[in-house]
Amino acid sequence: MKPEATNPADESPAKGLFLGEFRDSRLFPFPKISESEKESLSLVLESVDRFMSGKEAQFRRFDEKGEQPQEYVEELKALGLFSLIIPAEFDGLGLSNSGYSRVLQQTSRYDASTSLTIGAHSSIGLKALLLFGTDEQKKRYLPRLATGEMIAAFCLTESGSGSDAASVKTYATPNGDGSWSLTGEKIWITNGGTAGFFTVFAKTEGEGGKMTAFIVEREWAGVSSGPKEDKMGIRASCTTTVRFDNVQVPADCVLGEPGKGFKVAMAVLNNGRTGLGGGCIGAMKRLIEHAVAQSTQRKQFGKSISEFQLVKEKIALMTMLCFASESIVSFVGALVDAGVEDFSVEAAASKVFVSEALWTVADEALQIAGGNGFMKEYPYERVVRDCRINRIFEGTNEILRLYIGLSGMKDAGDSLKGVAKGVGGIFNDPIKGFGLLTGYATRKLSQVTPLGRGSFWRVAAQLKPEAAWLEKGASKLGQAAEATLKKHGKGIIGEQLVTKRIADSAIDLFVGMCVLARVSSIITERAGGDCGDEVALARVYTHFARTRVSNSLKGLVQNSDRDLLRLADGTLSKGGYSWDIL
Ligand SMILES: Cc1cc2nc3c(=O)[nH]c(=O)nc-3n(C[C@H](O)[C@H](O)[C@H](O)COP(=O)(O)OP(=O)(O)OC[C@H]3O[C@@H](n4cnc5c(N)ncnc54)[C@H](O)[C@@H]3O)c2cc1C
């Protein structure tokens, strides 16, 4: 179905927070998987359960050996798990972004490496073809990608180019007949050893010039992959180098426009974040099941350890983090499915929040298991190893925090520029100038008085105190963003500690919007039925976030940043830690 046209007022609720605004119309009622998709999705989930349950020992063997046997990958193909997001007209299941994320949630309850094999294929490997491919390119490749005859991989990272993705050295030179000669080496490519279809990013305008995205087939002369990397986690997934030695790429294998490859890469990564998010949620749900079983069965001091408050605290934290993660990932999926164009800050916020939530949940579940948690015989150590990667790949959480902070402040900065221009232009164009000033004055008022503050008014009555916290938090974030810009101007680019605090506040407030909206929708649906647990969830989240946001914003004015940077510089210049008690 064609997405409905986007109303600009609904766009980027996370960026709205930087202006103290609540762009919340898409949050109420809280989005759900569409009725039309529910049936087919349920069938996929059931077949995943049937196929993957009871295979724990097998997944452990794959992890020890560091590979998925070919017969296992063939079974994944037969289940249709490589066709999830490919439209039905190209023989795929045609799931929405939300539906796809839900499937990865299910596979991740059992095995993260399986999720990565199918996730790297769909979320990033073939995504550029879906988003930017021509009809002819789609007809040529998508049916083969849907069956898994061709597995897809995304080739961006190089030994000298990780977070600084625009600095790739792989290059493609035009041959004169429209075709290209491609040379370079990519590292840590998921599905690198098994893929038949590669989305490859290469410089096409010389070093320092722009990038272009290409389709490359494994069968072409000059394409080769290295041995499997021996990894800490997700060990059974296949990670290798991929080399391109003067590969001749036909003219019709450019994805998108030549020179626009960076845009293609970023669009793919943004669009794919709900896959990673779904995977993290599935792992959290399984860990919570383990923690419940472990804590109720294990007896110490004559009682189940689940009766102790310090264990209950962990169970509650895990439950709250999982609900908050599910809320933000579902909402981002719904934004993508609705055709909203500007969702990159929300998607980045979801990746940071959810990958860190899973890390905490895995750590707490292991702690509840005590010494058993440390033993290979139990599932915890593998999950801890598997989930660590989520904070690193598809954009490190540091880079994403900088992106969130700077993107949000850019909008605040644009609005300040508008004011400055408006003031200058009052005499030439009083109506325009007045309009700008009126908007600015309203916003200033809204930031300092509860009366004019942006309102999160659709929230259920039971949650008004929590909504009031959000409103105050957004208003403080708006003031902080403005003060920061005034203080640092363009120099904000180098002020990473400041940007991180702004980003962290925005992430926690945005997740808060999702949590309160979701609980409000549950309350409305139950029409007077008991929602005590959900209200408790919302309150626990608010308390957790309130402390974090308050610390982040206070840190903007009161911190030890100068000493902290001095300490780091000292350690760096001395080559390490330089004290001893001898
Ligand atoms: C198992 C695995 C699978 C992968 N799969 C793929 C794949 O399929 N395709 C693909 O293209 N890539 C893949 N990657 C690569 C992955 O995306 C990169 O590892 C990631 O982008 C980070 O790059 P890097 O490892 O070079 O770290 P670096 O960029 O060297 O960063 C190292 C550290 O420095 C920090 N840092 C860097 N720059 C800044 C800055 N400006 N400010 C503050 N901090 C900074 C980072 O946050 C990080 O903590 C995979 C990696 C792994 C480990």
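Residues numbered from 1 in each chain as written. Predicted model: local features only at pLDDT ≥ 70, side-chain atom pairs only at ≥ 80, totals over all residues. Heavy atoms only, no water.

Trainee: Help me out: how do you make sense of the overall build of the chain in this one?
Mentor: The helix and strand inventory of the chain stands at 18 helices and 10 strands. For a compact globule of 582 residues, the expected C-alpha radius of gyration is about 25 Å, and the chain comes in at 25 Å, within 12% of that figure. Projecting the C-alpha coordinates of the chain onto the three principal axes gives extents of approximately 75 × 70 × 65 Å. Out of the 582 residues in the chain, the part that is buried amounts to 54%. Of all intrachain contacts in the chain linking residues separated by at least 6 positions in sequence, the fraction that spans at least 24 positions is 75%. Put simply, the chain shows about 26,900 Å² of open surface, and 56% of that area lies on carbon and sulfur atoms. Treating the 70 positive side-chain charges of the chain as one cloud and the 69 negative ones as another, the clouds have centres 5 Å apart. (Helix = DSSP H or I, 4+ residues; strand = E, 2+ residues; numbered from the N terminus. Rg over C-alpha atoms; globule rule 2.2 N^0.38 Å. Buried < 20%, exposed > 50% of the residue type's maximum accessible area, 1.4 Å probe, protein only. Contact = heavy atoms within 4.5 Å. Areas by Shrake-Rupley, 256 points an atom, 1.4 Å probe, with all protein chains shown as cover. Lys, Arg positive; Asp, Glu negative; His and termini not counted. Charge placed at Lys NZ, Arg CZ, Asp CG, Glu CD.)

Trainee: Got a minute to help me understand the nonpolar core in this structure?
Mentor: Grouped burial of nonpolar side chains is what soluble globular proteins tend to show. Leu27, Ile328, Phe353, Phe456 and Phe510 are the most contacted members of the largest nonpolar core, which has 94 residues in total. Ranked by residue count, the leading element in this core is helix α16 (residues 496-526), at 16 residues. Those residues in contact with Ile328 that lie beyond four places of it in its chain are Glu346, Ala349, Ser350, Val354, Phe510, Val511 and Cys514. By size, the runner-up hydrophobic cluster in this structure holds 71 residues, among which are Phe51, Ile85, Trp180 and Leu269. (Core = buried A, V, L, I, M, F, W, Y, C linked by side-chain atoms within 4.5 Å.)

Trainee: Honestly, the site of the ligand in this entry has me stumped. Any pointers?
Mentor: As a structural note, the neighbourhood of the ligand is formed by 20 residues, with Phe154, Thr157, Ser163, Thr396 and Glu398 the closest of them. In this structure, a nitrogen atom belonging to the ligand sits 2.7 Å away from a side-chain N or O atom of Thr157. Side-chain polar atom of Ser163 to an oxygen atom of the ligand: 2.6 Å apart, as the coordinates give it. Here the shell around the ligand is composed, by residue class, of 11 nonpolar, six polar and three charged. Domain assignment of the residues forming the shell around the ligand places at least three in each of domain 2 (152-262) and domain 3 (399-560). (Near = heavy atom within 4 Å. Polar contact = N/O pair within 3.5 Å; in protein donor to acceptor, adjacent residues only side chain to side chain. Nonpolar A, V, L, I, M, F, W, Y, C, P; charged D, E, K, R; others polar. Domains from an automatic or database assignment.)

Trainee: Help me understand the pattern of salt bridges, please; the structure alone is not making it clear to me.
Mentor: Counting across every chain of the model gives 35 salt bridges. Linking Lys15 and Asp342 is a salt bridge whose minimum nitrogen-to-oxygen distance equals 2.9 Å. With Lys15 in helix α1 (residues 13-17) and Asp342 in the loop between α10 (309-337) and α11 (344-368), this pair connects stretches of sequence that are 327 residues apart. Its relative accessible area of 11% is what places Lys15 among the buried residues. (Salt bridge = Lys/Arg side-chain N within 4 Å of Asp/Glu carboxyl O.)

Trainee: Would you take a moment to explain unusual backbone geometry for this structure?
Mentor: Note on backbone geometry: most residues besides glycine have negative phi, and most peptide bonds are trans. Going from Phe28 to Pro29, the amide bond is cis rather than trans, its omega being -15°. Structurally, Pro29 can be placed in the loop between α1 and α2 (35-52). Backbone geometry places Ile234, a non-glycine residue, at a positive phi of 35°. Looking at the element boundaries, Ile234 is found in the loop between β6 (223-225) and β7 (239-249).

Trainee: How should the confidence of the model for the chain be read in this particular structure?
Mentor: Detailed reading of predicted coordinates is not advised where the pLDDT is low. When pLDDT is averaged across the chain, the result is 92; 91% of the residues are at 70 or more. Within the model, the stretch residues 422-442 combines pLDDT values under 50 with 11 contacts to residues more than four positions away or in other chains. For residues 448-452, every residue scores under 50 in pLDDT, and the model assigns this stretch one contact once sequence neighbours within four places are set aside. (pLDDT = per-residue confidence, 0-100.)

Trainee: What am I meant to see in a nonpolar patch on the surface here?
Mentor: On the surface, Leu567, Tyr577 and Trp579 cluster together into a nonpolar patch covering about 430 Å² of accessible area. Mapped onto the fold, Tyr577 is located in the segment after α18 (561-574). (Patch = residues over 30% accessible without salt bridge, like charges linked within 9 Å, V, L, I, M, F, W, Y side chains within 5 Å.)

Trainee: Is there a simple way to explain the environment of Leu287 in this structure?
Mentor: Looking at where Leu287 falls in the secondary structure, it is placed in helix α9 (residues 261-297). Here Leu287 falls in the buried class, since its relative accessible area comes to 2%. Along the chain, Leu287 and Asp252 lie 35 residues apart, while their C-alpha atoms are 47 Å from each other. Once residues lying within four places of it in the same chain are set aside, the contact partners of Leu287 are Met318, Leu358, Val361, Ala362, Ala365, Tyr380 and Val383.

Trainee: Just checking my understanding: could you explain a positive patch on the surface for this structure?
Mentor: Among the surface-exposed residues, Lys472, Lys476, Arg546 and Lys554 lie close enough to one another that they form a single positively charged patch. Secondary-structure elements contributing two or more residues to the positive patch are α15 (464-488) and α17 (532-557). As for its placement among the helices and strands, Lys476 is situated in helix α15.

Trainee: Before we go on, may I ask you to explain the pairing of strand β5 (residues 211-217) in this structure?
Mentor: Where burial is concerned, most of β5 is hidden: seven out of the seven residues are buried. Side chains Met211, Ala213, Ile215 and Glu217 project from β5 onto one buried face, and the interleaved Thr212, Phe214 and Val216 project onto a second face that is buried too. Here seven bridges tie strand β4 (residues 197-203) to β5, and the two strands are oriented antiparallel to one another. Bridging from a neighbouring strand, Phe201 pairs with Ala213 of β5. Looking at chain direction, β5 and strand β8 (residues 254-255) are connected through two bridges and run antiparallel. Its bridge partner being in β8, Ala213 is matched across the sheet by Leu255. (Pairing = 2+ DSSP bridges.)

Trainee: What exactly am I supposed to notice about the side chain of Ser96 here?
Mentor: Looking at where Ser96 falls in the secondary structure, it is placed in the loop between α4 (70-78) and α5 (97-108). Within the structure, Ser96 has its side chain in polar contact with the side chain of Asp337 (distance 3.5 Å). Ignoring sequence-local partners within four residues, the contact set of Ser96 consists of Glu37 and Asp337.

Trainee: Is there a simple way to explain the pairing of β4 in this structure?
Mentor: Within a regular beta strand, the side chains point alternately toward one face of the sheet and then the other, so they alternate between its two faces. With seven of its seven residues buried, β4 lies for the most part within the structure. Covered by surrounding structure in β4 are Phe197, Thr199, Phe201 and Lys203 together with Phe198, Val200 and Ala202, the residues of both alternating faces. Pairing of strand β1 (residues 152-155) with β4 involves four bridges; the strand directions are parallel. Within β4, the position partnered with Cys155 by the bridge is Val200.

Trainee: Would you mind going over helix α3 (residues 56-65) with me for this structure?
Mentor: Each full turn of the α-helix corresponds to 3.6 residues, which orients residues three or four apart in the same direction. Turning to α3, its buried residues are Phe59, Phe62 and Asp63. Down the axis of α3, the buried set is contained in an arc of 100°. They therefore lie on one face. Opposite its buried face, α3 presents the exposed residues Ala57, Glu64 and Lys65, each directed more than 90 degrees away. Elements that come into contact with the buried residues of α3 comprise α2, α4, α6 (112-125) and α12 (380-387). (Arc of directions from axis to C-beta.)

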